[in-house]
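# Chain and residue survey
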Amino acid sequence: MIPLRVLEHDVVLWRDSGGTLHCAAAHCLHLGANLGFGGEVVGDTLRCPFHAWRYNGDGKVVHVPGLTEAPKTKACLPTYRVIERYGTVFLWNGPEPADHELPDFLADEGIDEESIVFEHVRYKLPFPAKWFVENLPDSAHFAGLHRLGSWGDTEVLSKSDTRIEYICHFYGRAPYVGWQDLKRSYQRGEMWGCPMPPAATSMPRPTAVVCT
């Protein structure tokens, strides 16, 4: 069992006896104990470390010690839809049912997952992740704030309800990074762009496909 804090929610990831991955809210319905610290997976259930209440994969209470039959309660742990893909666990935290399926970018491009090497990065953001994602296609800010050129614009290649493909263009030669740049970046808590060479007069840089 793995305790996580995801988008300001405490959750636990666990696998049942068949290997199916589940994700549930971390706090027991009884007195709020965090299931991720001392809790156990017992067969196909998640057992609370405090009073040993047990929950199934749907978050339903299926066993309370001392009761000879399943407890008669409609209370359920909130659960979250999860999909394993690309060596990563994707979690849906929106309202149910999900309003779209997780796009399979590699399959759409005819690329075999085994031919790709993935790098997983965790960002600790002081603002909603949605703002971070929306910031990525903003070429003008990369040029001005991160010194990748004198100015920049974004060329949108294609878009749908769940996907946008674009290229960031940067123009004008960015000055070499100096000590003042390093100091400013350090004070901001970032080191973005420091190891990068000067931008060419017109140098398109393709960026990653972004999904919501």
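For every chain, the first residue of the written sequence is number 1, and numbering continues from 1 onward in sequence order. Only residues with pLDDT of 70 or above have their local features reported here, since the model is predicted, and side-chain atom pairs are shown and tallied only from 80 upward, although totals for entire chains, interfaces and linings are computed over all residues. Water and hydrogen atoms play no part in the side-chain values, which are based on all heavy atoms of the structure.

Moving on to the confidence of the model for the protein. pLDDT is a per-residue confidence score from the predictor, ranging from 0 to 100. Per-residue confidence for the protein averages 81 on the pLDDT scale, and 86% of its residues sit at or above 70. In this description, contact between two residues means that some pair of their heavy atoms is separated by no more than 4.5 Å. Note that pLDDT drops below 50 for residues 193-212; the model gives that stretch 52 contacts with residues more than four away or on any other chain.

What follows concerns the packing of aromatic side chains. Any pair of Phe, Tyr and Trp rings, taking the six-membered ring for Trp, is counted once the centres come within 6.5 Å. Such a pair is stacked with planes under 30 degrees apart, edge-to-face with planes over 60 apart, and tilted for the rest. Applying the stated rule across the entire model yields two aromatic pairs. Aromatic side chains Tyr-86 and Phe-90 sit 6.2 Å apart centroid to centroid with 85° between the ring planes, which places their arrangement in the edge-to-face category. The classification of residues rests on relative accessible area computed with a 1.4 Å probe and restricted to protein chains. Under 20% of the type maximum is buried, over 50% is exposed, and intermediate values are partly exposed. A relative accessible area of 9% means that Tyr-86 is categorised as buried. According to the relative accessible area criterion, Phe-90 is partly exposed, its value standing at 29%. Taking the centre distance of 4.3 Å and the plane angle of 20° together, the rings of Trp-151 and Tyr-171 count as stacked. Highlighted residues: Trp-151 in strand E10 (residues 151-159) and Tyr-171 in strand E11 (residues 163-171), separated in sequence by 20 residues. When its relative accessible area of 48% is taken as the criterion, Trp-151 is described as partly exposed. Numbering goes from the N terminus for both helices and strands, where a helix is a DSSP run of H or I of at least four residues and a strand is a run of E of at least two.

Our next topic: the sheet that holds strand E7 (residues 61-63). Pairing between strands is defined by DSSP: at least two bridges between them are needed. The four strands lie next to each other as E4-E5-E6-E7, forming an open sheet whose pairing is antiparallel. The open sheet has two free edges, formed respectively by strand E4 (40-42) and E7, since each of these has just one partner strand. Sheet topology places E4 next to strand E5 (residues 45-47); three bridges connect them, and they run antiparallel. Pairing of Glu-40 across the sheet is with Arg-47, part of E5.

The next subject is the pattern of salt bridges. Take a side-chain nitrogen of Lys or Arg and a carboxyl oxygen of Asp or Glu: if they are within 4 Å of each other, that pair is a salt bridge. Counting across every chain of the model gives five salt bridges. As a salt-bridge pair, Arg-15 and Glu-84 come within 2.7 Å of each other at their nearest N and O atoms. Residue Arg-15 is located in strand E2 (residues 9-15), and its partner Glu-84 is located in strand E8 (residues 81-85); the two are separated by 69 residues in the primary sequence. Arg-15 sits in the partly exposed class, given a relative accessible area of 41%.

Attention shifts here to the side chain of Asn-34. Along the polypeptide, Asn-34 turns up in the loop between strand E3 (21-25) and E4. In protein, a polar contact requires one atom able to donate a hydrogen and another able to accept it; more generally it is a pair of N or O atoms within 3.5 Å, and residues adjacent in sequence count only if both atoms are side-chain atoms. One polar contact links the side chain of Asn-34 to the main-chain amide nitrogen of Gly-36, over a distance of 2.8 Å. Not counting residues within four places of it along the chain, the set of residues in contact with Asn-34 comprises Asp-10, Val-12, Ala-26, His-27 and Pro-49.

If you trace the three strands from one edge of the open sheet to the other, you get E1-E2-E3, paired in antiparallel fashion. Where the open sheet ends on each side, the last strands, each with one partner, are strand E1 (2-6) and E3. With strand direction ignored, the average angle separating the axes of adjacent strands in the sheet is 30°. Where E1 lies against E2, five bridges are found, and the strand directions are antiparallel. Counted as the bridge partner of Ile-2 is Leu-13 from E2. Here an axis means a line fitted to C-alpha atoms, over the contact stretch when the element is a helix, while the angle between two N-to-C directions is reported on a 0 to 180 degree scale.

Nonpolar side chains (Val, Leu, Ile, Met, Phe, Trp, Tyr) within 5 Å and like charges within 9 Å form the patches, drawn only from residues with over 30% relative accessible area and no salt bridge. Only the protein chains shown count as cover for residues, with accessible areas throughout obtained via the Shrake-Rupley method and a probe of 1.4 Å. Taken together, the side chains of Ile-111, Ile-116 and Phe-118 make up a nonpolar region of the molecular surface, amounting to roughly 210 Å² of accessible area. Relative to the helices and strands, Ile-111 is located in the loop between helix H1 (105-108) and helix H2 (129-135).

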